[in-house]
Amino acid sequence: MLAFQEDALTEATPVVVVSRRGATRLRGGHLWVYRSDLVQPVDLPRGRLVHVHDERGRKLGSALYSSASQIAIRLLTSELLSEQQLPSLLRERIAAAVEFRRRVARDADSYRVIFSEADLLPGLIVDKYNDVLTVQALTQAFDRAELRQIVTESLVEHFPGCSLVERVDPNIRELEQLPERPSQVVHGERSNAIFTMNGVRFHFDGLGGQKTGAFLDQRENYAAAARYAHGDALDCFTYQGGFALHLARVCQSVTAVDSSRPALEVAEQNEQLNHAAHRSGEIEWIEANAFDLLKDYSAAGRQYDTIVLDPPAFAKTKRTVPTALRGYKELNLRALKMLRPAGILVTCSCSFHVGEAEFLDMLGWAAADAGRRVRILEKRGQSQDHPVLLNVPETAYLKCLIASLID
Ligand code: SAH
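Residues numbered from 1 in each chain as written. Predicted model: local features only at pLDDT ≥ 70, side-chain atom pairs only at ≥ 80, totals over all residues. Heavy atoms only, no water.

### Structural notes on the overall build of the chain
Per the secondary structure count, the chain includes twelve helices and 19 strands. Taken over the C-alpha trace, the chain has a radius of gyration of 23 Å; the compact-globule value for 407 residues is 22 Å, and the two agree within 12%. With respect to the principal axes defined by its C-alpha atoms, the chain has extents near 70 × 45 × 35 Å. A total of 407 residues make up the chain; the buried ones form 55% of that total. Across the chain, every contact between residues at least 6 apart in sequence was considered, and the portion connecting residues at least 24 apart equals 64%. Of the roughly 18,000 Å² of accessible surface on the chain, 50% is carried by carbon and sulfur atoms. Positive and negative side-chain charges in the chain, numbering 48 and 52 respectively, have mean positions lying 5 Å apart. (Helix = DSSP H or I, 4+ residues; strand = E, 2+ residues; numbered from the N terminus. Rg over C-alpha atoms; globule rule 2.2 N^0.38 Å. Buried < 20%, exposed > 50% of the residue type's maximum accessible area, 1.4 Å probe, protein only. Contact = heavy atoms within 4.5 Å. Areas by Shrake-Rupley, 256 points an atom, 1.4 Å probe, with all protein chains shown as cover. Lys, Arg positive; Asp, Glu negative; His and termini not counted. Charge placed at Lys NZ, Arg CZ, Asp CG, Glu CD.)

### Here's the deal with the packing of aromatic side chains
Scanning the model with the defined rule gives ten aromatic pairs in all. On the basis of an interplanar angle of 15 degrees and a centroid distance of 5.3 Å, the ring pair of F195 and F202 is categorised as stacked. One exposure class covers both F195 and F202, and it is buried. The interplanar angle of 80 degrees and the centroid separation of 5.1 Å between the aromatic rings of F215 and Y239 together place this pair among those described as edge-to-face. Of this pair, F215 sits in the loop between β12 (200-205) and α7 (219-228) while Y239 is found in the loop between β13 (232-236) and α8 (242-247), placing the two residues 24 residues apart along the sequence. Judged by its relative accessible area of 28%, Y239 falls in the partly exposed class. Three or more aromatic residues joined by ring pairs make a cluster, and in this case those are Y129, F195, F202 and F204. Above the plane of the ring of Y297 lies R302, whose end atom (NZ or CZ) is 3.9 Å from the centre. (Phe/Tyr/Trp six-rings, centres within 6.5 Å; stacked < 30°, edge-to-face > 60°. Lys NZ or Arg CZ within 6 Å of the ring centre and 35° of its normal.)

### Considerations on the pattern of salt bridges
This structure, assessed with the given rule, holds 25 salt bridges. Between D54 and R58 there is a salt bridge, and its shortest N-O distance comes to 3.0 Å. With a relative accessible area of 6%, D54 lands in the buried category. Among the residues examined, R58 registers a relative accessible area of 41% and is labelled partly exposed. Here the salt bridges do not stand alone but share partners, grouping D143, R148, E166, R173 and R181 into one network. (Salt bridge = Lys/Arg side-chain N within 4 Å of Asp/Glu carboxyl O.)

### Looking at the pairing of β12
The two faces of a sheet get side chains in turn, since along a regular strand they alternate between them. Here strand β11 (residues 192-197) pairs with β12 via six bridges, running antiparallel. Its bridge partner being in β12, N192 is matched across the sheet by D205. Between β11 and β12, which pair antiparallel and follow one another directly, the connecting turn spans two residues, one of which, N198, has a positive phi of 50 degrees. (Pairing = 2+ DSSP bridges.)

### Quick notes on unusual backbone geometry
The phi dihedral of S116 is positive, around 45 degrees, even though this residue is not glycine. Here S116 lies in the loop between β6 (110-115) and β7 (124-129). Owing to a relative accessible area of 4%, S116 belongs among the buried residues under this scheme. A positive phi is found at N130, a non-glycine position, where the angle reads about 55 degrees.

### Considerations on the environment of G206
Position of G206 among the secondary structure elements: in the loop between β12 and α7. When its relative accessible area of 0% is taken as the criterion, G206 is described as buried. Considering only alpha carbons, one finds G206 and A267, 61 residues apart in sequence, at a separation of 16 Å.

Right, dumping it as structure tokens:
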């Protein structure tokens, strides 16, 4: 690593030439160029800073290179930057990301501090759970020792007293051909925390056997759902109780379903954490396949006033979108049929490949088939700490529709 560092500092920044399609993509505001859009065979050290040119030699900016990923380069800036200038750019970008969150992340000690492309730090994700920060390097570049050090130093400076946990996703390390590494505490001592969103408390365990975390991107949607929720509520795909715990404050009864027992165990611990502080109804946690449960419950004539559907991403690729839409439709159709008059449906999709328009169409078909008239109350997305970078559609992935029955 040291040899690499010295080379990088003394050598001129290497140039990567991209095809017309790659150049058009960058000029259109995207930050990625795929390997198939690199013109010459490129043999560069992993994670290297490169200058990007089009085939006519016109400069497109500076990017971080990956020797393994299909996304070969991720643009950092349209300026031409040297390795020596890279640390100060990273520090500035981290400071800007932190400053932005201080403005938008309200009623929470937990939020995404750095959201990769959307903070112009492509390949870096940092989440805050009260006084524990988690850092995830998604690329070879952010795995480089010098860059990790800059990230750690900056975060410690901005969040004094916080511990830092590096969270490792073995799949991503494999894709980037990075050596295996365990998740570990890289600064401070703690890897556990109790954190709060909208006044609801949750356990966080960054390293333990039951690694926990949260879908921080739903934080504002939890609060929005609680504004409309009433009566008897059903939370499908509850994970560690994100929606259910919020609904318990305003609903008469809450039933929460997930197929993962470990997730439900944490959900119950989260429920206990909140019981002491607030009077809220007891939650019934059920380990089941949500598809089967909805079928059985609707056959049994069960009814609800509020239903939340927040399944995992059904469409992992573009090819699987039709199947995903069928899955979403089945869930939404069953839920709509089980709602009482004036009932509320909160329906989510975190599949990037299913756009908001398609998701709305799907809900339209489901409503027509269910014979229910539905009014859209809110079209929502990710919380503001997960901003969307225009022209990088991959940064907009979460849809959350809040709808009500109107007859
Ligand atoms: N609503 C949650 C996040 C849900 S993530 C929150 O706000 O925190 C998706 C969840 O769906 C995971 O917990 C996973 O265990 C669960 N899951 C996946 N397939 C399922 C199925 N067929 N039935 C029930 N739960 C399922």
